[in-house]
Amino acid sequence: AKLKQRSSQAEAGVLAQSAVDGVVVARRDGIEPDALRGLAQSVVQADSVRAVVLGGSPDGAKVALAVATGGEPNAIELVRTLADMVGGGGGGNVFL
């Protein structure tokens, strides 16, 4: 579990470094939705990041989206807009 956590933290650091104007947008396939959400939360904690949008397919069939922000932009509105584009519902709170 610790190795998996370190790997996730390393990935969060790589993604945070890829931010453009404080925004990270990336695709990560093969990651379960809860883990994708956790990764987005880790990335948004970086000082240089204000919003994170991660998408991918955990199983090659379904789409998973994870949006994390500091409250602005509103993560609920953002994920609902994106989910509508891929035929999903969306949910969460204003931060995730």
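In this text the structure is predicted, and so the values were computed from the model without any measurement. (Residues numbered from 1 in each chain as written. Predicted model: local features only at pLDDT ≥ 70, side-chain atom pairs only at ≥ 80, totals over all residues. Heavy atoms only, no water.)

Visitor: What is the right way to look at the overall build of the protein in this model?
Guide: From N to C terminus, the protein includes 3 helices and 3 strands. Seen in sequence order, the protein has helices and strands lined up from the N terminus as α-β-α-β-β-α. Here the protein holds 96 residues, and 31% of them are scored as buried. Considering only contacts within the protein whose residues lie at least 6 apart along the sequence, 49% involve residues at least 24 apart. With the model as given, the accessible surface of the protein reaches about 5,900 Å², and the carbon-plus-sulfur share is 51%. (Helix = DSSP H or I, 4+ residues; strand = E, 2+ residues; numbered from the N terminus. Buried < 20%, exposed > 50% of the residue type's maximum accessible area, 1.4 Å probe, protein only. Contact = heavy atoms within 4.5 Å. Areas by Shrake-Rupley, 256 points an atom, 1.4 Å probe, with all protein chains shown as cover.)

Visitor: What's the story with helix 2 (residues 33-44) in this structure? I'm lost.
Guide: One full turn of an α-helix is made of 3.6 residues, so residues set three or four places apart face in the same direction. Under the 1.5 Å per step criterion, the end-to-end length of helix 2 is 17 Å for 12 residues, consistent within 8% with the ideal 16 Å. Along helix 2, the residues classified as buried are Leu36, Leu39, Ala40, Val43 and Val44. The buried residues of helix 2 occupy one face: seen down the axis, they fall within an arc of 130°. (Expected span 1.5 Å × (residues − 1). Arc of directions from axis to C-beta.)

Visitor: Mind showing me how you'd approach the nonpolar core here?
Guide: Nonpolar side chains in soluble globular proteins tend to be buried together. Formed by 16 residues in total, the largest nonpolar core has its most connected members in Leu15, Val43, Val49, Val52 and Leu54. Of all the secondary-structure elements, those providing two or more residues to this core are helix 1 (2-17), strand 1 (23-27), helix 2, strand 2 (51-56) and strand 3 (64-69). (Core = buried A, V, L, I, M, F, W, Y, C linked by side-chain atoms within 4.5 Å.)

Visitor: Got a minute to help me understand the side chain of Ser57 in this structure?
Guide: Inspection of the secondary structure assignment puts Ser57 in the loop between strand 2 and strand 3. A polar contact is formed between the side chain of Ser57 and the backbone nitrogen of Gly60, at a distance of 2.7 Å. Apart from residues no more than four positions distant in its own chain, Ser57 is found in contact with Arg28, Asp29, Gly30, Ile31 and Lys62. (Polar contact = N/O pair within 3.5 Å; in protein donor to acceptor, adjacent residues only side chain to side chain.)

Visitor: Would you take a moment to explain the pattern of salt bridges for this structure?
Guide: When their charged atoms lie close together, side chains carrying opposite charge are able to pair. Per the stated rule, a full pass over the model turns up 3 salt bridges. A salt bridge links Asp29 to Arg27, with the shortest nitrogen-to-oxygen separation between them at 3.0 Å. Arg37 is the partner of Asp34 in a salt bridge, and the nearest nitrogen-oxygen pair spans 2.2 Å. You can see Asp34 and its partner Arg37 sitting in helix 2, 3 residues apart, about one turn around the helix. Assessed through its relative accessible area of 56%, Asp34 is described here as exposed. (Salt bridge = Lys/Arg side-chain N within 4 Å of Asp/Glu carboxyl O.)

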